[in-house]
Structure formats: structure tokens, C-alpha cells
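Observations on the three-dimensional arrangement
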Amino acid sequence: MFEEFTLINQASELQNTNSKLQEQSNLVAENQLLSNLVNSISQMVVILNDDRQIVYSNESFVKFWKLNNMQSQIGKRPGETMSCKNAFGKNEGCGTSQFCQSCGTLVSILNAQNGTKSTKECKILTAKNEAYELRVTANPFLLEGETVTIFSLIDISAEKRKELLERVFLHDILNSAGGISGLAAVLNDVSDPDEIKDIAKTISSAANDLVEEIKFQGELYAAETGDLKPDFKSIESKPVLQDLKNIYSKHALNPGKEIHIQENIESTHFKTDCVLLKRVLGNMIKNAIEANTANDKITLNTNYSGNYIRFSVHNKSYIPGDIQHHLFKRSYSTKGIGRGMGAYGMKLLGEKYLNGKVWFESDKTSGTSFYIEVPKEN
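In this report, the structure presented in the accompanying data block is examined. (Residues numbered from 1 in each chain as written. Predicted model: local features only at pLDDT ≥ 70, side-chain atom pairs only at ≥ 80, totals over all residues. Heavy atoms only, no water.)

Contact geometry of helix α7 (residues 193-225) with helix α9 (residues 274-290) gives a least axis separation of 12 Å together with a crossing angle of 115°. Looking at the two axes, α7 sits roughly perpendicular to α9. Between α7 and α9 lies a crossing whose hand is left-handed. Contacts between α7 and α9 pair E212, E213, K215, F216 and E219 from the former with V275, L276, R279, N283 and K286 from the latter. (Axes fitted to C-alpha atoms, helices over the stretch in contact; angles between N-to-C directions. Helix = DSSP H or I, 4+ residues; strand = E, 2+ residues; numbered from the N terminus. Parallel < 35°, antiparallel > 145°, perpendicular 65-115°, else oblique. Left-handed = near helix turned anticlockwise from the far one by under 90°. Contact = heavy atoms within 4.5 Å.)

The phi torsion at R52 lies on the positive side, around 65°, for a residue other than glycine. Following the sequence through the fold, R52 ends up in the loop between β1 (44-48) and β2 (54-57). For R52, a relative accessible area of 11% corresponds to the buried category. One non-glycine residue with positive phi stands out, namely K66, at about 55°. Tracing the backbone shows K66 in the loop between α3 (59-64) and α4 (78-81). (Buried < 20%, exposed > 50% of the residue type's maximum accessible area, 1.4 Å probe, protein only.)

The next point concerns the nonpolar core. Among the nonpolar cores identified, the biggest contains 45 residues, and L277, L281, M284 and I372 are the most heavily contacted of them. Tallying contributions element by element places α9 first for this core, with 8 residues. If sequence neighbours within four positions are ignored, M284 has contacts with V313, M346, V358, F370, Y371 and I372. Membership of the second largest hydrophobic core comes to 37 residues, among which are V46, F61, I74 and A138. (Core = buried A, V, L, I, M, F, W, Y, C linked by side-chain atoms within 4.5 Å.)

Taken together, the side chains of D192, D194, E195 and D198 make up a negatively charged region of the molecular surface. Here D194 lies in helix α7. For D194, a relative accessible area of 56% puts it in the exposed group. (Patch = residues over 30% accessible without salt bridge, like charges linked within 9 Å, V, L, I, M, F, W, Y side chains within 5 Å. Areas by Shrake-Rupley, 256 points an atom, 1.4 Å probe, with all protein chains shown as cover. Salt bridge = Lys/Arg side-chain N within 4 Å of Asp/Glu carboxyl O. Lys, Arg positive; Asp, Glu negative; His and termini not counted. Charge placed at Lys NZ, Arg CZ, Asp CG, Glu CD.)

Next up on the list: helix α5 (residues 104-113). Restricting attention to buried positions, one finds in α5 the residues G104, T105, L106, S108, I109 and A112. Buried residues along α5 sit in contact with β1, α4, β3 (118-125), β4 (131-143) and β5 (146-155). Immediately beyond the C-terminal end of α5, within one or two residues, lies G115, with a positive phi of roughly 95°.

This brings us to the sheet that holds strand β10 (residues 308-315). Within the open sheet, the 5 strands sit side by side as β7-β9-β10-β12-β11. Their pairing is mixed. The open sheet has two edge strands, β7 (258-261) and β11 (357-363), and neither has a second partner. Averaged over all neighbouring strand pairs, the angle between strand axes comes to 15°, with direction disregarded. In this sheet, β10 lies alongside strand β9 (residues 297-305) in antiparallel orientation, the contact comprising 7 bridges. (Pairing = 2+ DSSP bridges.)

This next bit is on the sheet that holds β3. The 5 strands are arranged β2-β1-β5-β4-β3 in an open sheet whose pairing can be described as antiparallel. Looking at which strands have only one partner, the edges of the open sheet turn out to be β2 and β3. Pairwise comparison of adjacent strand axes, ignoring direction, gives a mean angle of 30° for this sheet. Across 10 bridges, β4 lies against β5 in antiparallel orientation. Its bridge partner being in β5, V136 is matched across the sheet by L153.

Now for the pattern of salt bridges. Throughout the structure, instances matching the rule amount to 11 salt bridges. The closest approach of N and O atoms between K257 and D296, which form a salt bridge, is 3.2 Å. In this pair, K257 sits in the loop between α8 (237-249) and β7 while D296 sits in the loop between α9 and β9, placing the two residues 39 residues apart along the sequence. When its relative accessible area of 10% is taken as the criterion, D296 is described as buried. Where salt bridges share partners, they join E212, K215, E219 and R279 into one cluster.

Attention now goes to the packing of aromatic side chains. Applying the stated criterion to the full structure yields 6 aromatic pairs. Ring geometry for F64 against W65: centres 4.8 Å apart, planes inclined by 80°, an arrangement best described as edge-to-face. Note on W65: relative accessible area 10%, which makes it buried. In textbook terms, an aromatic cluster arises when at least three aromatic residues are bridged by ring pairs, as seen for F64, W65 and Y132. Above the plane of the ring of Y371 lies R310, whose end atom (NZ or CZ) is 5.7 Å from the centre. (Phe/Tyr/Trp six-rings, centres within 6.5 Å; stacked < 30°, edge-to-face > 60°. Lys NZ or Arg CZ within 6 Å of the ring centre and 35° of its normal.)

Evaluation of the coordinates by the stated rule reveals 0 disulfides. Here C84 is not cross-linked by a disulfide; its sulfur's nearest cysteine counterpart is in C100, at 6.3 Å. The closest cysteine sulfur to the non-disulfide-bonded C103 is located on C122, 3.8 Å from its own sulfur. (Disulfide = S-S within 2.5 Å.)

In this section: the pairing of β9. For β7 and β9, the ladder comprises 4 bridges, and the chain directions are parallel. The residue of β9 that forms the bridge with H260 is T299.

With that settled, the discussion passes to the environment of S118. Tracing the backbone through its elements, the reader meets S118 in strand β3. Look at S118 and you get buried, because its relative accessible area is 5%. Remark: the alpha-carbon pair of S118 and N139, spanning 21 residues in sequence, is separated by 6.6 Å. Residue contacts for S118: discarding those within four places in its chain leaves S108, N111, V136, T137 and A138.

Below, the structure is given as C-alpha cells:
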């Protein structure tokens, strides 16, 4: 009897909530000045109640996020309609997870609810690993004696991608090319055969690194536009790690950190795109190389269970909690403005194109491990 009474109460509360939301939605729709204004502009606009729930959205918002219609979004919060990864799971929706604390969307809305117009930038990674960068503005508005928030969004992903290309790709490419050019010039003044041989090896290594960076940027662009076509072939797991160890032990980025393969690992055959897998693991190794940790050592490992094979890259560094929240977002980096495609690229290539799972674990005692788990058959 008690359970039946509880269910009746919950149903009644839900009905009252839905009724209130519909009333708020109708209030906006019946205000022709406001609704006409919202629908006449090209940028995305939603109107939120004091619980940050959508009560109205314009056609631009519905089309951009490929939603069924405006009515189906009433009562949802912005992150839920945008399929933000952090809006789902064990938390209670958009704005309630630990990752939401520094979200531009949440901060701007809360500022508006405190009476202040607020513009922020926001990075969204969706459940399908699609990355968006948005400029959002929240503005308080008094409607029939009730304060609502007018929340507008502009997609600035292309702008940020161009900025990233200019700051990272062109900058790093020019630096690498300049280094190669400088070493080549030195050869004119060197007569010792052994020294010439060493410089030639350095030039060759730097040139290979440059080519790999260009390839990686091309793959990322193709991945983001949906043009990347994986080439799945049967390969063996242990040689993958051996190749990566050989490459990154001598890499220009490596100041001398030891890279070793976990002892007694079992090698197994599986089917994947070897180039893309090495690209993901290579970026994990680069992250470990760049971690500023004394007496650091990088350990590569692989194991398999059932239908999946797992690779890992471990080092002794710890990633602070505030950085962990943003690590897989495009453009976010601890290395400065305009960096950050490495971790984002891991997630994009590993999950969307290799059909796997990419994640990391980090604590002050055991350090940091990045993982990619891929199916044995694709």
C-alpha cells in the first residue's frame, strides 16, 4: 500500500512539473514580440526557466543539433539536448557532474540567474565523440513577472580549428623545418666524417618526425569531416609496442626517458588499422615524455580478454583533477594556448574509427596510465 501511494505521488509530481513547464513554454510562445525576435535570428537561442530547463527554442537550435522538434526538448537542460557526455551517467543531468564546474554553459547561465549578462566559451564532447566549441551568452529577461534566461549559442568550431592550425600546425612545422634547415647548413662547415654522419642521422630523424606530424594533422582533419577510411588488417600486438619503443626512444621530444615493454606479455593477433592504432598510442607516449617528472620511466603493456585487446602507456606523473576534467576536449592543453589535439585525437581516432574505448587513470601514488581497448575483430 505504501509503495502504491509513493508511485501515485511521484506520478502526480511529474504531471504538475510537466504542466508547469508547458505553461512556461506557452507564456513565451504567446509573447509575439519575444517569440518573433527569437525565431528571426540565425544564431541558436533557447529560453530557460529558473531550473535551467528549456521552455522554448528557436528553429536554428533544433536544426543544428538535429532534434525532432522544439516540443520534445521542453524540460531538458542544454547539455542534455546537445548530448554532452557529462550530462549522462551517474549524475543527475546537465550541470551536476564534477566536470561541469568550469563549463562555460553552466557558468554563464548561473551568472544570468544572478542578474548579470554573461558570455563564455564552452567545449562540448558528445556521446558520439563529436567535439564542438561554442560561444554562449546568457541574459536575464523579465517575462510576465517571471525571470527567465535567454541563452544563445554560436558554433565557433571552425574559427577555433583555424586558430589551432595557425598556432600549432604552422608554428610547429616551421620550427621543425627551421631546425632541419639549420642542421643542413652546419654540414657545410663540418669535415669530420663521424660528425657528418651524426648530423645526417639527426636530420633524418627530424624529417621523419615532421612527416609524421603532417600525416597526423591530415588524419585528424579527415576524421573530423568524416572522410577517414580505416584499413583493417590482421596484425600482432607485441610488434606494435616494439615499433613504438624504437621510434620514441630516439624521438626528438624525448630528453632521455627510458621506454620499456612490460615483461612476459603475451602477443596475439587481432584485426585493426595499425597506422591509426600507432597514432593513438604514439600520442599517449608523447604525453608521457612531456610530463615533467623526476626519474620517470614509461612502460608499454598489452593484454587481452575475451573479444578485446588492451594497450596501455604508464608513467609516474600525476594529472591534477582540474586538468583531468578537460583532457579529451579539442584545443585544451597544459602546454599553452593553441595546443591540445593529441588527447582529443586519441579519443576521436580510437573510439570513432577503431571502434574501441580510450580512457586514463591517474593518482598521486601510482601515476598515470592511458588505455585503448579495441575489438579483436573489426
